[in-house]
2 protein chains.
Amino acid sequence: MMIKEKIQQAAKALSECGLDCWITFTRETEINGDPILPFLVPGPLTWHSAFIITPDGRARAIVGRYDRATVEETGAYDEVYDFVTSFREPFLDCIRAIQPASIALNYSEGSEICDGLTHGMFLTLQGLLGELGMADRMVSAERIVSALRERKSAGELASMRKAIRQAQEIFQLVQAQIVPGRTEREIAAFMQAEVHRRGLTFAWHPDTCPSVFTGPDTAEAHYSPTDRAVEPGHLVTMDFGVRVDGYCSDLQRTFYVARPGETALPEAVQHGFDTLRRAIEAAKAVLKPGAKGLDADTAARQTLLTHGYEEYPFGLGHQVGRFAHDGTALLGPAWAKYAGKPFKPLEAGMVFTIEPRLSVPGHGIVSIEEMVLITDSGAEWLSDPQVELPVLAGTR
Amino acid sequence: MMIKEKIQQAAKALSECGLDCWITFTRETEINGDPILPFLVPGPLTWHSAFIITPDGRARAIVGRYDRATVEETGAYDEVYDFVTSFREPFLDCIRAIQPASIALNYSEGSEICDGLTHGMFLTLQGLLGELGMADRMVSAERIVSALRERKSAGELASMRKAIRQAQEIFQLVQAQIVPGRTEREIAAFMQAEVHRRGLTFAWHPDTCPSVFTGPDTAEAHYSPTDRAVEPGHLVTMDFGVRVDGYCSDLQRTFYVARPGETALPEAVQHGFDTLRRAIEAAKAVLKPGAKGLDADTAARQTLLTHGYEEYPFGLGHQVGRFAHDGTALLGPAWAKYAGKPFKPLEAGMVFTIEPRLSVPGHGIVSIEEMVLITDSGAEWLSDPQVELPVLAGTR
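Rules behind the numbers
- Residues numbered from 1 in each chain as written.
- Chains lettered and ligands numbered in written order.
- Predicted model: local features only at pLDDT ≥ 70, side-chain atom pairs only at ≥ 80, totals over all residues.
- Heavy atoms only, no water.
- Helix = DSSP H or I, 4+ residues; strand = E, 2+ residues; numbered from the N terminus.
- Phe/Tyr/Trp six-rings, centres within 6.5 Å; stacked < 30°, edge-to-face > 60°.
- Buried < 20%, exposed > 50% of the residue type's maximum accessible area, 1.4 Å probe, protein only.
- Pairing = 2+ DSSP bridges.
- Contact = heavy atoms within 4.5 Å.
- Axes fitted to C-alpha atoms, helices over the stretch in contact; angles between N-to-C directions.
- Buried area = accessible area lost by both parts, 1.4 Å probe.
- Salt bridge = Lys/Arg side-chain N within 4 Å of Asp/Glu carboxyl O.
- Polar contact = N/O pair within 3.5 Å; in protein donor to acceptor, adjacent residues only side chain to side chain.
- Nonpolar A, V, L, I, M, F, W, Y, C, P; charged D, E, K, R; others polar.
- Least-squares fit on C-alpha atoms with pLDDT ≥ 70 in both.
- Parallel < 35°, antiparallel > 145°, perpendicular 65-115°, else oblique.
- Left-handed = near helix turned anticlockwise from the far one by under 90°.
- Domains from an automatic or database assignment.
- Disulfide = S-S within 2.5 Å.

All names here are of chain A. In this chain, C209 is followed by P210 through a cis amide linkage whose omega measures 5°. Relative to the helices and strands, P210 is located in the loop between β7 (201-202) and β8 (211-214). Even without being a glycine, D245 presents a positive backbone phi close to 50°. On the secondary structure map, D245 appears in the loop between β10 (242-244) and β11 (247-248).

Residues and elements named next belong to chain A. What the rule picks out here adds up to 24 aromatic pairs over all chains. Ring centres 5.6 Å apart and planes at 50° place the aromatic pair F51 and Y77 in the tilted group. With F51 in strand β2 (residues 49-53) and Y77 in the loop between α2 (68-72) and β4 (79-83), this pair connects stretches of sequence that are 26 residues apart. The residues F51 and Y77 share a single accessibility class, namely buried.

With that settled, consider the sheet that holds strand β11 (residues 247-248) of chain B. Residue and element names in this part refer to chain B. Spatial ordering of the open sheet is given by β7-β10-β11, a layout of three strands whose pairing is antiparallel. The strands lining the two open edges of the sheet, one partner per strand, are β7 (201-202) and β11. Pairing of strand β10 (residues 242-244) with β11, which is carried by two bridges, proceeds in the antiparallel orientation. Each bridged residue has a counterpart across the sheet, and for V244 the counterpart in β11 is Y247. Of the strands in this sheet, β10 and β11 are in contact with helix α6 (residues 154-174), which crosses β10 at around 140°.

Contacts between chain A and chain B engage 54 residues on the former and 54 residues on the latter. Across the interface of chain A and chain B, roughly 4700 Å² is buried in total on both sides, 55% from carbon and sulfur atoms. Joining chain A to chain B, the criterion identifies two salt bridges. Between R27(B) and D115(A) there is a salt bridge; the shortest N-O distance is 2.8 Å. Linking chain A with chain B are 31 residue pairs in polar contact (both at pLDDT 80 or more). Contributing elements (two or more residues each) for the side of chain A that touches chain B: α2 and α4 (119-131) of chain A. Broken down by element, the side of chain A that touches chain B gets its largest block of residues, six residues, from α4(A). Taken together, the residues that form the side of chain A that touches chain B break down as 24 nonpolar, 18 polar and twelve charged.

For the pair chain A and chain B, the relating rotation is 180°, the translation along its axis is 0.0 Å, and the fit reaches an RMSD of 0.0 Å. Taken together, the rotation and translation relating the two chain copies correspond to the operation of a two-fold axis. Counting the interface residues of chain A, we find that 100% of their copies in chain B are interface residues as well, pointing to one common contact surface.

A word on the packing of helix α6 (residues 154-174) of chain A against helix α7 (residues 184-197) of chain A. Residue and element names in this part refer to chain A. Relative to each other, α6 and α7 sit at 135°, their axes nearing to 10 Å. On the basis of the axis angle, α6 is oblique to α7. Viewed along their axes, α6 and α7 form a crossing whose handedness is right-handed. Across the interface between the two elements, I170, F171, L173 and V174 of α6 pack against I187, F190, M191, E194 and V195 of α7. Residue classes in the contact of α6 with α7 are distributed as eight nonpolar, no polar and one charged.

This part is about the domain arrangement of chain A. All names here are of chain A. For chain A, the assigned domains read domain 1 (2-149) and domain 2 (151-392). Computed over C-alpha atoms only, the centres of domain 1 and domain 2 are separated by 35 Å. With 19 residues of domain 1 at the contact, the number on the domain 2 side is 14 residues. Interface area for domain 1 against domain 2, summed over the two sides, is near 1300 Å², with a carbon-plus-sulfur share of 43%. On the domain 1 side of the interface with domain 2, the three residues burying the most area are G110, I113 and R149, jointly 35% of the side's total. Linking domain 1 to domain 2 there are four salt bridges. A salt bridge links R149 to D326; the shortest N-O distance between them is 2.6 Å. Linking domain 1 to domain 2 there are ten residue pairs in polar contact (both at pLDDT 80 or more). With six residues, helix α1 (residues 2-17) is the single largest residue contributor to the side of domain 1 that touches domain 2. Taken together, the residues of the side of domain 1 that touches domain 2 break down into eight nonpolar, four polar and seven charged.

Bringing the state of the cysteines into the picture now. All names here are of chain B. Counted under the stated rule, the structure contains zero disulfides over all chains. You can see C94 has no disulfide; the closest cysteine sulfur is in C21, sitting 8.5 Å from it. By relative accessible area, which is 2% here, C94 ends up buried.

Residues and elements named next belong to chain B. Under the criterion given, the structure shown has 53 salt bridges over all chains. One salt bridge in this structure joins K6 and E156, with 3.0 Å as the shortest N-O distance. Note that K6 is positioned in helix α1 (residues 2-17) and E156 in helix α6, a separation of 150 residues in sequence. We note that K6, like E156, is buried. We note a salt bridge from K162 to D245, for which the minimum N-O separation is 3.6 Å. Taken together, the residues span a long stretch of sequence, with K162 in helix α6 and D245 in the loop between β10 and β11 at a distance of 83 residues.

Next comes the structure, spelled out in structure tokens:
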């Protein structure tokens, strides 16, 4: 069902882009899987396989004999060809029948999610298309693949809402574990056990899902939980997400652990939290179809600078989907490594994180990550935004 | 430890091949992971990252700021550079310092396991090396990557032996489940529960690990277990493997379910089993360093043809390692899709499956898959070969 829906979406995107056909070309997908594959086929493929979609909505598949039944049973392909000894002949026959003037392939310098074709497989295609005099017709399918991943259907959004709710519930439960003496590793283990208990999977590699950072001078990001223990006066921040029906959530929450006698946040912590909330709201206010991610990043980044904080050394927010980091358009600064991503116009149906971060000396990091959906007129929360920084009891 | 060992192995392979440096170039590895990465780094990477190894044994890494600590802690890299906004400058500095005359990259038309570089990332490297006038120095790293994956160390072999033992134990246990009325799906579920109970993971996608085929006219391979039930007179065959410490086993076993009053195998089944055993032994006898995989495939294939069976529509055996299908050299026929794999000379330390298959009309499939290690003088069993076809009780 989802495969059929995505194939129709691809046909529409091909028409919009004036492209004649889109080929996903892959082999031994457990070794080098194109990230687009879950949208095209329900399981792994072994021999050379091609999925060819044209703007008229027709979908053709060429797969090894033993993958034929699996592909046919999707009901999404109008024609399925198989082979035993050589992929070449059915592929050439198929392309000869289509006679495409342009052939979109899954490669992109600027967007990793659209870059699933390996260079070896590109060379193979170049050779095969060369036999037909079509080697100069290959172009990047970045716009097609982006459209498929970024324009979330109602079904995709429903799965993402479930994944967000599950992660939020676990953030609620873990607060009782955040007490002096408890280590980052122990807190992470509690959350992971909760994921298993609920029959969920992690939104990214379990080494850092969740990541947990307590107090000042931590690694800050992308680092596994350590044996560092929570102490009174610590900010404790966590980055966490789960996967439901293949779709991810990706959220960050921050808590404060009271020092003896403390009932409210220290002024510096409160100021940090308020500033971060302001940065998030400023970014969200920018979001709408046609806006650029760069402008949302700038809005948040400037809010931090204006209030005397350093800017965060990363982009403000990424899209979320089947991967925690998904899609092409990015809420990010104009840095070389982000290429064209921050300049790509936003569209309704995109789901972004907003995740600025700042440091409060002596206490730690305030880091909050929310998720929003771009709508026809602006953006709406998918997560329940963290509007308070809880003061957790600092005595056992 | 393993990373350091593999880097030294790579340096040696570079010397053997007369190559000046080997670059693994990747980004967002949870989306497009190069299959070589577990040999180079312990966890996922987010921003553009390069691992550069030279024949003198020096290893340099260039990674995003948040991945620096993880890479440094391996102790395997002599220099680790990090960046926030742009990969370009540290990379160009590093290559300028090395001045390589040849630059090996992870792409290959003929070997998927050596084809981890995406085409988009190839274009990025081409652009960067072009700035140094070195774009014409890029060559395939197929020989380097193959050497790393194929020349198994004592530690790697120890893990594989454990993975084989575990799978064999589960094949032993499952025999009591193979009774008339039991479905393929139920038999698979029993084996999967056993994998979970032992804290193991699957050697390939759990949709087909195990695959289970009972009786005649089944899908034969790469197909999920169905609701088809075991009946007296059925051959039941299973393809299964587990992963221990990251290394796989991959084995097939076949059983016969007696008809009322039957105490021995029907003659046709016995003849099929004996022929298949002969084919396996004939192939094994060919294996030694310097031999070609093609010759082992031919030995088994001819054995089947000579005894009146159809040839199997796939290669006789593949290498096994961190993936169930690993390495470049293959025991296979000279078919277009296998490219140069069946012609690559075998080396000591390679681990292969031997897995011919034949059909016994009215009963089903006889399919056995063993695992062997190429030694200095020949080949030795890693699995305990199936030398009997058990006759299981056909009444409940």
